[in-house]
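Chain by chain, the residues run as shown.
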Amino acid sequence: MTSLDRARELLREFPVVDGHNDLPWALREQVHYDLAARDIAVRQDAHLHTDLPRLREGGVGAQYWSVYVRSDLPDAVPATLEQIDCVRQLIDRHPQDLRAALTAADMEAARTEGRIASLMGAEGGHSIANSLGVLRALYALGVRYMTLTHNDNVDWADSATDEPRAGGLTAFGREVVREMNRLGMLVDLSHVAPTTMRDALDTSTAPVIFSHSSARAVCDHPRNIPDDVLERLPANGGVAMVTFVPKFVLQAAVDWTAAADDNLRAHGFHHLDGTAEAMKVHQAFEERHPRPVATVATVADHLDHMREVAGVDHLGIGGDYDGTAFTPEGLADVSGYPNLLAELLDRGWSNADLAKLTWQNAVRVLGAAEDVSRALAQTSAPSHATLEALDG
């Protein structure tokens, strides 16, 4: 039996829990939520990384659908509600394949039924508009993690890719973390600054997650996790879910992206400019300097390092499919997870190790957050703190 055959066999018993998939935002951008126009019951290779046939092929048993909205939107809360509505519609359209999941027990029930447990994660604290009441409303609607920031700071937390302002978490930011603990909502530390990571670990009484981040020691990108933070996961009980985005996992891709951005700025364009004129400049740069290509082995290198630092009990997978324009060779879409497991098998990972990576760790961490919530319910009432009262 080949390593790939062994990987597929293992996934039949312990399928992948993927921590982050941006399909709802892709459906907003491409078809404005017209789900019949982009029917995921059939392969959508030309448009998406994700559809039901490829989720099945990839051995996915649970998916955290990101209910992401851009941080520069003036109406982030209603836009987040639209994203939640999209996920609910997807589940309703495909009841034979998808099962709504709110708890670890729901995830296990979906696995028993052969359906894909569908959970939701809000990507960025801007989605609560500085309101703990909105946070509670998102939880009531099924959101089971919130990434504290996206690419930009929020008023109460610093992002990894913005200029530091709060120095980590403010007093209100720490109250957000405590309220998430009380609810049973996982605190997601992908996208946040290392100072925010450390403050959240100091504050949280429940395990945290990184829904889609890799190791900074392997690839020096601010979106990745420093070793001193990885070292704290065993005591916290949390899980770091490796991501596949080439510019986060391959140092040559980080360097190439920086050079490409500098080239755009040198020609008078913003590095995020998507106009035809800017793209012409960018394409000329790419012709002169071909884009570096990440592979399955690149991602496995991160997992090897993260295992050495944090331990196999604290690892998971968060591919960021449909949230990135580029993917590694062998991990082109959601059908590729068996290739990663085969690579890890070839590196000496055991079936027991891989069962933790794919399924058991992610289910355990949600269950642990539920346990903390039940305990806090005996002693803590909903917080009505405000940003103004705590941070002035």
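Residues numbered from 1 in each chain as written. Predicted model: local features only at pLDDT ≥ 70, side-chain atom pairs only at ≥ 80, totals over all residues. Heavy atoms only, no water.

K.L.:
Help me out: how do you make sense of the overall build of the chain in this one?
P.N.:
Along the backbone of the chain there are 17 helices and 9 strands. What you see for the chain is a C-alpha radius of gyration of 20 Å, in line with the 21 Å of a compact globule of 392 residues. For the chain, the C-alpha atoms occupy an extent of roughly 60 × 55 × 45 Å along the three principal directions. In the chain, which comprises 392 residues, the share counted as buried stands at 58%. In the form shown here, the chain has an accessible surface area of approximately 15100 Å², with 50% of it arising from carbon and sulfur atoms. (Helix = DSSP H or I, 4+ residues; strand = E, 2+ residues; numbered from the N terminus. Rg over C-alpha atoms; globule rule 2.2 N^0.38 Å. Buried < 20%, exposed > 50% of the residue type's maximum accessible area, 1.4 Å probe, protein only. Areas by Shrake-Rupley, 256 points an atom, 1.4 Å probe, with all protein chains shown as cover.)

K.L.:
Just checking my understanding: could you explain the layout of surface pockets for this structure?
P.N.:
To find the voids left in a structure, one rolls a probe of water-molecule size over its atoms. Estimates place the volume of the largest pocket at around 1800 Å³. Lining the largest pocket are 44 residues, with Asn 151, Lys 247, His 271, Leu 272 and Gly 323 positioned closest to its centre. It is helix α12 (residues 251-266) that provides the largest number of residues to the lining of the largest pocket, a total of 8 residues. Split by residue class, the lining of the largest pocket holds 16 nonpolar, 14 polar and 14 charged. As a volume, the second largest pocket reaches approximately 180 Å³. Lining the second largest pocket are 13 residues, with Leu 11, Pro 15, Arg 56, Val 60 and Gly 61 sitting closest to its centre. Breaking the lining of the second largest pocket down by element, the ones donating at least two residues are α1 (3-13), β2 (60-66) and α5 (104-113). When residues in the lining of the second largest pocket are grouped by element, the largest group, 3 residues, is from α1. Of the residues contributing to the lining of the second largest pocket, the split by class is 5 nonpolar, 3 polar and 5 charged. (1 Å grid on protein atoms, 1.4 Å probe; cavity = no way out; pocket = protein on both sides within 12 Å on 5 of 7 lines; lining within 4 Å. Points joined across faces, edges and corners; volume = space filled by probe spheres on them. Nonpolar A, V, L, I, M, F, W, Y, C, P; charged D, E, K, R; others polar.)

K.L.:
Explanation requested: the pattern of salt bridges in the structure shown.
P.N.:
Once their charged atoms are close, side chains differing in charge can pair, the charge on each being opposite to the other. One pass over the structure, following the stated rule, counts 28 salt bridges. For Glu 286, the salt bridge is made with Arg 291, and the minimal N-O distance between the two is 3.4 Å. The exposure class assigned to Arg 291 is partly exposed, which follows from its relative accessible area of 24%. Within the structure, one salt-bridge network assembled from shared partners comprises Arg 43, Asp 45, Asp 51, Arg 54, Glu 57 and Asp 333. (Salt bridge = Lys/Arg side-chain N within 4 Å of Asp/Glu carboxyl O.)

K.L.:
For this particular structure, what's the right way to read the environment of Pro 24?
P.N.:
As for its placement among the helices and strands, Pro 24 is situated in helix α2 (residues 23-31). Exposure remark for Pro 24: the relative accessible area of 0% places this residue in the buried category. Separated by 60 residues in sequence, Pro 24 and Ile 84 place their C-alpha atoms 8.4 Å apart. With residues near it in sequence (within four places) discarded, Pro 24 still touches Tyr 33, Trp 65, Ser 66, Gln 83, Cys 86 and Val 87. (Contact = heavy atoms within 4.5 Å.)

K.L.:
Would you mind showing me how to read the nonpolar core here?
P.N.:
If you look at the biggest cluster of nonpolar residues, it comprises 104 residues, and the most contacted ones within it are Met 107, Met 146, Leu 148, Trp 156, Leu 189, Phe 244 and Leu 340. Broken down by element, the residue count for this core peaks at 9 residues, all from helix α16 (residues 351-377). Within the second largest apolar cluster, 6 residues are counted, among which are Trp 25, Val 69, Leu 73 and Ala 79. (Core = buried A, V, L, I, M, F, W, Y, C linked by side-chain atoms within 4.5 Å.)

K.L.:
Help me understand α12 in this model?
P.N.:
Since there are 3.6 residues in each turn of an α-helix, residues three or four apart along the chain are aligned in direction. Helix length check: α12 (16 residues) gives 23 Å between terminal C-alpha atoms against 22 Å at 1.5 Å per residue, within 8%. Those residues of α12 that fall on the buried side of the exposure criterion are Ala 253, Val 254, Trp 256, Thr 257, Ala 260, Asp 261, Asn 263 and Leu 264. Note on α12: the residue one or two positions beyond its end, Gly 268, has a positive phi of about 90°. (Expected span 1.5 Å × (residues − 1).)

K.L.:
Looking at this structure, how should I read the environment of Glu 113?
P.N.:
Relative to the helices and strands, Glu 113 resides in helix α5. The class for Glu 113 is partly exposed, based on a relative accessible area of 42%. Sequence spacing of Glu 113 and Asp 97 is 16 residues, and the spatial spacing of their C-alpha atoms is 9.4 Å. A polar side-chain atom of Glu 113 sits 2.8 Å from a polar atom in the side chain of Arg 115. (Polar contact = N/O pair within 3.5 Å; in protein donor to acceptor, adjacent residues only side chain to side chain.)

K.L.:
Sorry, what's going on with the packing of α5 against α16 here?
P.N.:
Relative placement of two packed helices is described by the angle separating their axes and the distance separating the axes. Close contact between α5 and α16 brings their axes to 8 Å; oriented N to C, the two are set at 145°. Contact with α5, carried on its side by Ala 104, Met 107, Glu 108 and Arg 111, involves Trp 359, Val 363, Leu 366, Gly 367 and Glu 370 of α16 and no other residues of that element. When the residues that make up the contact of α5 with α16 are grouped by side-chain class, the tally is 5 nonpolar, 1 polar and 3 charged. (Axes fitted to C-alpha atoms, helices over the stretch in contact; angles between N-to-C directions.)

K.L.:
Which parts of the structure should I look at to understand unusual backbone geometry?
P.N.:
Across the chain, the bulk of peptide bonds are trans and the bulk of non-glycine residues have phi less than zero. Phi angles above zero are rare outside glycine, and Tyr 33 is one such case at about 70°. Considering the arrangement of structural elements, one finds Tyr 33 in the loop between α2 and α3 (52-58). By relative accessible area, Tyr 33 is classed as buried at 13%. Residues other than glycine seldom take positive phi values, yet His 191 does so here, at roughly 75°. Within the secondary structure, His 191 is located in the loop between β6 (186-188) and α8 (194-203).

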